[in-house]
Amino acid sequence: METRKVQQTGGSTYIISLPKPWADKVGIKTGSRVSLYPQPDGKLVIDPVHDAPPVKKCQIDVTGRMGDVLKRDIIAAYLVGSDIIEIKADRILSDQKSIIREMCYKLIGPEIIEETAKKVVIQDLLNPDEISIKKSVRRMFLISNSMHMDAIRAIKTLDTDLALDVDHRDDDVDRLFLLTAKQYRAVLRGAKLPDVSEASIDEYHDLRMAAGPIERIADHARKIARVTFSLKHPIPDDIMDMIEKTSDLSRKIVEDAIDSLYGFDVDLANQVIDRVAKMAPLLTRLNEASLKLESHETIVALGIVVDSIDRTADYGANVAEIAINSSMARLK
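Predicted model, so just to flag it, every value in this text is computed and none were measured.

> So what exactly am I meant to see when it comes to the overall build of the protein chain here?
Helix and strand counts for the protein chain come out as 10 helices and eight strands. Taken over the C-alpha atoms alone, the protein chain extends approximately 85 × 55 × 25 Å along its principal axes. The buried share among the 332 residues of the protein chain stands at 42%. A separation threshold of at least 6 residues defines the contact pool for the protein chain, and within that pool the share at least 24 residues apart is 73%. Positive and negative side-chain charges in the protein chain, numbering 47 and 53 respectively, have mean positions lying 6 Å apart.

Now the structure itself:
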């Protein structure tokens, strides 16, 4: 870290010198312009103004790399902010190309712009000014919340088509989750996203932390929906009523947790955490009622449903804890 002494010129203007190694690295010369971004925490970000930002390229040799290994390579290249991802090998196999196309679908922004037998070029077409972390996390919550509601409706009505739709929506949440990770990394590198002037780096960190539990909530909604395919008979009305009641409580916990996060409401966040513990007796009664059923397959299926409802509430409490930390950070 270098320090600079603030000087005064012209009677009213403060000036400092810029470190020459940094200036040379980012291409600042005499006459260059820089942008100044005051931050909510009092910091001042200095950003070089260039006619066009440098293109970040990444090359991946996929020789012998298949399945999840190849998927992880592409995700890693995406998360570090590569504008161009060049995938090459002496010969790219058809199975590898299928994985590459699948990953382009599962990520927001990347599109294949060139494809040969030895090379596939992916370009990230997302404009970072179009979406922010705040919007991404909020959208994740809205999708996961609707998934949970529809998953419960699917097991009640044995609607396999609705269950399949819930399953597919989990991909949308995953795409947004990876986008938030990419956006947070960009902010750490000094990128200027739409709401960066309104949110501190602490808030960006907290939103990134909250994205994890929300992504897991969507996973549990998908698990509930998939139970539909194993149910051969409708769930008895009395047990279904208990499922709907506990589900509504769990979903409300998550909704209030998100409100406490975005509203910096410590009191609401603490109420959310307290309500999670109060759900335990209801879940116990639901489990006891389920175990009295004659069908072992239904007992196992309902066990998955009850566990996912319980986990959803727990993840809501995690978000509420993040909300408390975020609120305290604003008071420092």
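From this point on, the discussion continues.
> What am I meant to see in unusual backbone geometry here?
Glycine aside, residues mostly have negative phi, and peptide bonds are mostly found in the trans state. If you check the backbone angles, Leu-158 has positive phi at about 55° while not being a glycine. Within the secondary structure layout, Leu-158 lies in the loop between α4 (133-157) and α5 (160-188). A positive phi angle is found at Phe-264, which is not glycine, with a value near 50°. In this structure, Phe-264 sits in the loop between α7 (237-263) and α8 (266-278). By relative accessible area, which is 25% here, Phe-264 ends up partly exposed.

> Looking at this structure, how should I read the sheet that holds strand β6 (residues 84-88)?
Sheets are built from strands paired through backbone hydrogen bonds, the pairs being either parallel or antiparallel. With respect to topology, four strands assemble into an open sheet ordered β5-β6-β8-β7, the strand pairing being mixed. Each edge of the open sheet carries a strand with a single partner, namely β5 (57-61) and β7 (110-115). Within this sheet the neighbouring strands show an average axis-to-axis angle of 20°, counted without direction. Running over the sheet, helix α3 (residues 94-106) touches β6, β7 and β8 (119-124) and is turned about 145° from β7.

> Before we go on, may I ask you to explain the nonpolar core in this structure?
The tendency in soluble globular proteins is for nonpolar side chains to be buried side by side. The biggest cluster of nonpolar side chains holds 82 residues, and the ones touching the most others in it are Ile-87, Ile-100, Ile-155, Ile-235, Ile-239, Ile-243 and Ile-309. Residue contributions to this core peak at 14 residues, all from helix α10 (residues 296-331). Beyond its immediate sequence surroundings of up to four residues, Ile-235 is in contact with Ile-155, Met-240, Ile-243 and Leu-302.

> Looking at this structure, I do not really get the side chain of Ser-290. What am I missing?
Residue placement: Ser-290 occurs in helix α9 (residues 280-291). Contacts of Ser-290, omitting those with residues within four sequence positions, involve Ile-239, Ile-299 and Leu-302.

> Quick question: what am I supposed to make of the side chain of Ser-144 here?
Take Ser-144: it is sitting in helix α4. We classify Ser-144 as buried; its relative accessible area is 1%. Residues contacting Ser-144, with those up to four places away along its chain left out, are Val-173, Ile-214, Ile-217, Ala-218 and Ala-221.

> Help me understand the environment of Val-137, please; the structure alone is not making it clear to me.
Structurally, Val-137 can be placed in helix α4. On the basis of relative accessibility, which here comes to 1%, the residue Val-137 falls in the buried class. When near neighbours in sequence (up to four residues on either side) are disregarded, Val-137 contacts Thr-180, Leu-207, Ala-211, Ile-214 and Tyr-262.

> What's the story with the pattern of salt bridges in this structure? I'm lost.
Opposite charge on two side chains allows them to pair when their charged atoms are near. In total, this model carries 22 salt bridges according to the counting rule given. Two residues, Arg-65 and Asp-73, come together in a salt bridge whose shortest N-O distance is 2.5 Å. Assessed through its relative accessible area of 31%, Arg-65 is described here as partly exposed. Close ionic contact of Glu-115 with Arg-101 constitutes a salt bridge, the shortest N to O distance being 2.8 Å. Placement of the pair is Glu-115 in strand β7 and Arg-101 in helix α3, with a sequence separation of 14 residues. Of the residues examined, Glu-115 reaches a relative accessible area of 36% and is grouped as partly exposed. The network of salt bridges with common partners includes Asp-150, Arg-153, Asp-165 and Arg-169.

> What exactly am I supposed to notice about the packing of α7 against α8 here?
One way to put it is that α7 packs onto α8 with a least axis distance of 8 Å and a crossing angle of 160°. Relative to α8, the element α7 is oriented roughly antiparallel. Handedness of the crossing formed by α7 with α8: left-handed. Contact residues: α7 offers Lys-252, Ile-253, Asp-256, Ala-257, Asp-259 and Ser-260, while α8 offers Leu-268, Ala-269, Val-272, Arg-275 and Val-276. Residues of the contact of α7 with α8, tallied by class, amount to six nonpolar, one polar and four charged.

The rules behind the values
- Residues numbered from 1 in each chain as written.
- Predicted model: local features only at pLDDT ≥ 70, side-chain atom pairs only at ≥ 80, totals over all residues.
- Heavy atoms only, no water.
- Helix = DSSP H or I, 4+ residues; strand = E, 2+ residues; numbered from the N terminus.
- Buried < 20%, exposed > 50% of the residue type's maximum accessible area, 1.4 Å probe, protein only.
- Contact = heavy atoms within 4.5 Å.
- Lys, Arg positive; Asp, Glu negative; His and termini not counted.
- Charge placed at Lys NZ, Arg CZ, Asp CG, Glu CD.
- Pairing = 2+ DSSP bridges.
- Axes fitted to C-alpha atoms, helices over the stretch in contact; angles between N-to-C directions.
- Core = buried A, V, L, I, M, F, W, Y, C linked by side-chain atoms within 4.5 Å.
- Salt bridge = Lys/Arg side-chain N within 4 Å of Asp/Glu carboxyl O.
- Parallel < 35°, antiparallel > 145°, perpendicular 65-115°, else oblique.
- Left-handed = near helix turned anticlockwise from the far one by under 90°.
- Nonpolar A, V, L, I, M, F, W, Y, C, P; charged D, E, K, R; others polar.

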